[in-house]
Amino acid sequence: MATKHEQIIQHILSLDIGNKISVRQIAKQLNVSDGTAYRAIKEAENLGIVSTIERVGTIRIERKKKENIERLTFAEVVNIIDGQVLGGREGLHKTLNKFVIGAMELDAMLRYTEAGSLLIVGNRTKAHQLALNEGAAVLITGGFDTEEHIKKLADEKQLPIISSSYDSFTVAAMINRAIYDQLIKKEIVFAGDIFTSFENSYFLHAKDTVGKWHELNKESTHARFPVVDEKNKVVGVVTAKDILGKGEDTLIERVMSRNPAVAQRKTSLASAAHTMVWEGIELMPVVSESNELEGVLSRQDVLKALQQIQRQPQIGETIDDTVSNNITASDTEEGVYHTRIVPQMTDQLGNLSNGVFTMLITEAGRRMLSQMKKSDMVVENLNVFFIKPVQIDSNLTIKPELLEVGRMFAKIDVEVFNGRKIVGKGLIMAQLISR
């Protein structure tokens, strides 16, 4: 039977796109506490099926597919530009395809304004009307209002007309930045993107016997299985080592390992990989909020996904990407790297930031390890010594040295030089991930 939390999520999913939702309304309809309703609505927001807008409320929106995550709903635009909705609230759930800045004559504006777009314009009433008639939403900049008949037209067309105190250039930059941020998120792989679904997973019940483990082992060739109770909640994991020497009739609950490491659909691939390497496990259960089994994530799935990510083109650039792209291998010395300190890598004083310095050390160590051992790494421990400040536009030389390496770990010493002067050092302890 579904929990109250899951029942609320299902209820929200059943609502029509554009419906308003409130904590009090959900609590009353489903006979739950306000706290339970609030937590479920927040989860629905994380799932991308509702959006909360200041001065408007929470509305049901269409869940965006991962490949279309760079598109924004008009509801999200209101939040981004701290806007006020003047009309057309029923259309806030709709997605904008593009935005147009209306800094042109009306005839020229008509050529660029199309259904599904957002016209960014000042207090030009005729432009507002033109856009709405073409099926486009309107964003009025400068904090201006519009006429009542325009607001009524927006309500009829179910197209939002929004007002913002910012100027046209600023709101365009804010929306563009939001799309760019979404592109970065688009590249992040989660357990839910690569896991084996419940229908295709092998698992055991706590009341099954060791004999059942042998049956599943022959059928799947796997040696590690999640264990669930009568409510399908994960209570343990059983491996070949656990059942060694045990009789066929021994109950799984007597030999399984309890409190296993688990992931959820929204657990990042990086986090899952770190846990699997750190714990030395080949398979991890993927569970719901209420700990029900939803599938499994294998070490092979994780490694394959990591390799695919490395081969994909970059869409949105994070600070890590900026740092990585600025590191080049030395033409004259093997295992030595160079970088130039660009403005994005500095702190408010114009010196190399401590966080970026740490990234430089880690990335140089990773590259050296990849070249020498054909392995990726998960940093377990990092000691950094900041010896001298590094100014903007400095050219640094980074020299990693492999001190010790085993089958599963490595110890790397990294020295950073500005000219001939040492400016910092780092000592990395890392777990290895074989490719």
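Residues numbered from 1 in each chain as written. Predicted model: local features only at pLDDT ≥ 70, side-chain atom pairs only at ≥ 80, totals over all residues. Heavy atoms only, no water.

## Topic: the UniProt feature "domain: CBS" (unreviewed entry) in the protein chain
Step number 1: Per the UniProt annotation, the sites labelled "domain: CBS" (unreviewed entry) are residues 195-254 and 256-314.
Step number 2: Secondary structure within residues 195-254 divides into 30% helix and 22% strand; the distance between the first and last C-alpha atoms comes to 28 Å. (UniProt positions renumbered as here; feature names shortened; annotations may be inferred. Helix = DSSP H or I, 4+ residues; strand = E, 2+ residues; numbered from the N terminus.)

## Quick look at the sheet that holds strand β7 (residues 98-101)
Step number 1: The five strands lie next to each other as β5-β10-β9-β8-β7, forming an open sheet whose pairing is mixed. One side of each edge strand has no neighbouring strand; the edge strands of this open sheet are β5 (84-87) and β7. With direction set aside, neighbouring strand axes in the sheet form an average angle of 25 degrees.
Step number 2: The pairing of strand β9 (residues 137-140) with strand β10 (residues 161-163) spans three bridges and is parallel. Counted as the bridge partner of Ile 140 is Ser 163 from β10. (Pairing = 2+ DSSP bridges. Axes fitted to C-alpha atoms, helices over the stretch in contact; angles between N-to-C directions.)

## Things to note about the pairing of strand β22 (residues 395-405)
Step number 1: Sheet analysis places strand β20 (residues 337-340) next to β22, joined by four bridges and oriented antiparallel. Residue pairing across strands places His 338 opposite Thr 397, the latter belonging to β22.
Step number 2: Relative to strand β23 (residues 409-418), β22 is paired through nine bridges, and the arrangement is antiparallel. In the strand pairing of β23, Leu 402 is matched with Ile 412.
Step number 3: Between β22 and β23, which pair antiparallel one after the other, the connecting turn spans three residues.

## So, the sheet that holds strand β12 (residues 204-205)
Strands belonging to one sheet form pairs held by backbone hydrogen bonds; the direction of such a pair is parallel or antiparallel.
Step number 1: Ordered in space as β12-β13-β14-β15, the four strands form an open sheet in which the pairing is mixed. The strands lining the two open edges of the sheet, one partner per strand, are β12 and β15 (257-258).
Step number 2: With two bridges joining them, β12 and strand β13 (residues 225-228) adopt parallel strand pairing. In the strand pairing of β13, His 205 is matched with Val 228.
Step number 3: The strands touched by helix α10 (residues 210-220) are β12, β13 and β14 (234-238); relative to β13, the strand with the most contacts, the crossing angle is about 140 degrees. (Contact = heavy atoms within 4.5 Å.)

## A short note on the pattern of salt bridges
Step number 1: All told, the structure shown has 13 salt bridges when counted by the stated rule.
Step number 2: Of the charged contacts, one joins Lys 266 and Glu 289 as a salt bridge, the two residues approaching to 3.2 Å between their closest N and O atoms. Taken together, the positions of Lys 266 in the loop between β16 (263-264) and α13 (269-279) and Glu 289 in the loop between β17 (283-287) and β18 (293-298) put the pair 23 residues apart, joining distant regions of the chain.
Step number 3: Each of Glu 43, Lys 266 and Glu 289 takes part in salt bridges that share partners, so that together they form one network. (Salt bridge = Lys/Arg side-chain N within 4 Å of Asp/Glu carboxyl O.)

## A word on the confidence of the model for the protein chain
Step number 1: In the predicted model, the protein chain carries a mean pLDDT of 86, and the fraction of residues at 70 or more is 91%.
Step number 2: Scored below 50 in pLDDT, residues 65-69 shows nine contacts in the model against residues more than four places distant or in partner chains. (pLDDT = per-residue confidence, 0-100.)

## Focus on helix α3 (residues 34-46)
Step number 1: In this model α3 runs 19 Å from its N-terminal to its C-terminal C-alpha over 13 residues, within 8% of the 18 Å that 1.5 Å per residue would give.
Step number 2: Those residues of α3 that sit buried are Thr 36, Ala 37, Ala 40, Ile 41, Glu 43 and Ala 44. End-on, the buried residues of α3 take up no more than an arc of 160 degrees, which puts them together on one face. What points out from α3, more than 90 degrees from its buried face, is the exposed set Arg 39 and Asn 46.
Step number 3: Positive phi appears at Gly 48, one or two residues downstream of α3, with a value of about 80 degrees. (Expected span 1.5 Å × (residues − 1). Buried < 20%, exposed > 50% of the residue type's maximum accessible area, 1.4 Å probe, protein only. Arc of directions from axis to C-beta.)

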